[in-house]
Amino acid sequence: MAIVKTKVGLLGCGGIVGGHRQGFDAVSDVCEVVAVAEPRAERHAFITDAFGPGVQIVSDYRDVLAMAEIEGVDIVLPHDLHMPATVAAAEAGKHVLVEKVMARNVWECDRMIDACEGCGVSLTVCHDRRYNSQWAALKEVVETGALGEIFFWKLDHNQDVLPPPGHWIRTYDGIGGGAIMSCLTHQIDALRWYGGEVASVSCMTKVIPERMEGEFLGIMNARMASGALAELSINWWTQSRSGPHALWYEMVQACGTLGEAYYQHGKGTFVRLHDVVDDAVRARFGDAALTGFVEVPNDGKSGHVGCIAEWVKALRGEPTEIRTSGRVCRGTVEVAEAAYLSDREKREIALPIESGPWIDRSDAEQIRKQFEADQSGPEQWNGGKL
Ligand SMILES: NC(=O)c1ccc[n+]([C@@H]2O[C@H](COP(=O)([O-])OP(=O)(O)OC[C@H]3O[C@@H](n4cnc5c(N)ncnc54)[C@H](O)[C@@H]3O)[C@@H](O)[C@H]2O)c1
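Everything numeric in this text was worked out from a predicted model, so none of it was measured.

S.K.: Any details on the pairing of strand 10 (residues 229-235)? Residues and values, ideally.
M.R.: Here strand 7 (residues 150-158) pairs with strand 10 via seven bridges, running parallel. Along strand 10, the bridge assignment pairs Asp156 with Ser233. Bridge count for strand 9 (residues 217-224) against strand 10 is seven bridges, and the pairing is antiparallel. Bridge pairing in strand 10 places Gly218 opposite Ile234. What sits between the antiparallel neighbours strand 9 and strand 10 is a turn of four residues, in which Gly227 has the positive phi angle 105 degrees.

Written out as structure tokens, the structure is:
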């Protein structure tokens, strides 16, 4: 009997859809992208090439939501559209997969969660690192207990991001702040996945308005509920990732009382043991891990391929391992929002935080009031030290 394919729509078709295309290619026996909303005509040839000549192309995402045969939508839009598109999709009865970052602040996340739960549809965030086999290998190391009590996390992300003037990424309201909300949220989400919840953060940012309205550089310290400390940074103005003697693109380091492990983009995931208290750990990683780092094998699957495979299983009512529900990923946005609060108020911020609606930069009066409210706290800036 022929398999009935699950029909989905794509809302937005910009740069990252290359990764989503690989994901949908990998499940093409059970799922098809039947419609794509994308206003830029120069992307239409890519859409036909990626999803076949039968794919419907429309300009606005609402036109995809009106298509009855579509069960779920993959939202790959600028961040200021994540909440309105998710709420509209939920109201149209579509299950939602939304690219990171879930939304511009916790208030928007909560509107998305309420809409999806109220309409009986699922809400999944494409925080792809949680489905990437190399990142998952580090999670497995942590879960063996081989590292003992983890006391330090370090997560870095280096990129050279400079879209053309007027692009949403260069606008404060379009991106939801800057590089921290847009991109350090990968690291924040991974930190929460590996190391549990964040108790408090302090943060410093650097803005050069000619480059983009929000920060292109952000440095964040976190105190974890576990007692560990974490150091995270995003640098959107570096070419250190490529060329001879390159540094790294992304890295995660975990140091514990019994050992340490790291993931480095393009290199793999590695573990080294200082001491072994468990025979199973010794058997798993081998004696070589006592004298140097050993690689942790994995199947090298990309995060987008893994995430889309799990989402499609969920749409088809099959057993699935969704690691990034809206309820889980809201916490990642909350940490980033707390980091911005720390930067503005120049003090360490404990979580949870109170959140309110997004305030557009264009609303000068509200910004002024917010600024005055931000200055009213008794604490003094401590230079970002914990
Ligand atoms: N997981 C990752 O590693 C990763 C990497 C890059 C981007 N992203 C995320 O993917 C999302 C999109 O980023 P991008 O880099 O592809 O951006 P992009 O600017 O390349 O693409 C966004 C697209 O949305 C379209 N669009 C705008 N308004 C629309 C509307 N009303 N209806 C339909 N389409 C509309 C634009 O024309 C554009 O093509 C963001 O959430 C971003 O953070 C994730």
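S.K.: Tell me about the site of the ligand, and please be specific about residues and values.
M.R.: Close to the ligand lie 26 residues, the nearest being Glu38, His79, Lys100, Asp128 and Trp168. One of the backbone N or O atoms of Tyr61 is found 3.4 Å from a nitrogen atom in the ligand. Take Glu99: an N or O atom from its side chain is 3.4 Å from a nitrogen atom of the ligand. Protein contact buries 83% of the 840 Å² of open area that the ligand shows by itself. The residue makeup of the shell around the ligand, split by class, is 10 nonpolar, nine polar and seven charged.

S.K.: Requested: an account of the pattern of salt bridges, with residues and values cited.
M.R.: For the structure shown, the criterion picks out 26 salt bridges. Across the salt bridge formed by Arg327 and Glu117, the nearest N and O atoms sit 2.8 Å from each other. Of this pair, Arg327 sits in helix 11 (residues 326-345) while Glu117 sits in helix 5 (residues 106-119), placing them 210 residues apart in sequence. Look at Glu117 and you get partly exposed, because its relative accessible area is 48%. Close ionic contact of Arg130 with Asp189 constitutes a salt bridge, the shortest N to O distance being 2.7 Å. With Arg130 in the loop between strand 6 (123-126) and helix 6 (133-144) and Asp189 in helix 8 (residues 179-195), this pair connects stretches of sequence that are 59 residues apart. Considered together, Arg130 and Asp189 belong to a single accessibility category, that of buried residues. One network of salt bridges, in which partners are shared, links Arg130, Asp189, Arg192 and Glu197.

Basis of the calculations
- Residues numbered from 1 in each chain as written.
- Predicted model: local features only at pLDDT ≥ 70, side-chain atom pairs only at ≥ 80, totals over all residues.
- Heavy atoms only, no water.
- Pairing = 2+ DSSP bridges.
- Helix = DSSP H or I, 4+ residues; strand = E, 2+ residues; numbered from the N terminus.
- Near = heavy atom within 4 Å.
- Polar contact = N/O pair within 3.5 Å; in protein donor to acceptor, adjacent residues only side chain to side chain.
- Areas by Shrake-Rupley, 256 points an atom, 1.4 Å probe, with all protein chains shown as cover.
- Nonpolar A, V, L, I, M, F, W, Y, C, P; charged D, E, K, R; others polar.
- Salt bridge = Lys/Arg side-chain N within 4 Å of Asp/Glu carboxyl O.
- Buried < 20%, exposed > 50% of the residue type's maximum accessible area, 1.4 Å probe, protein only.

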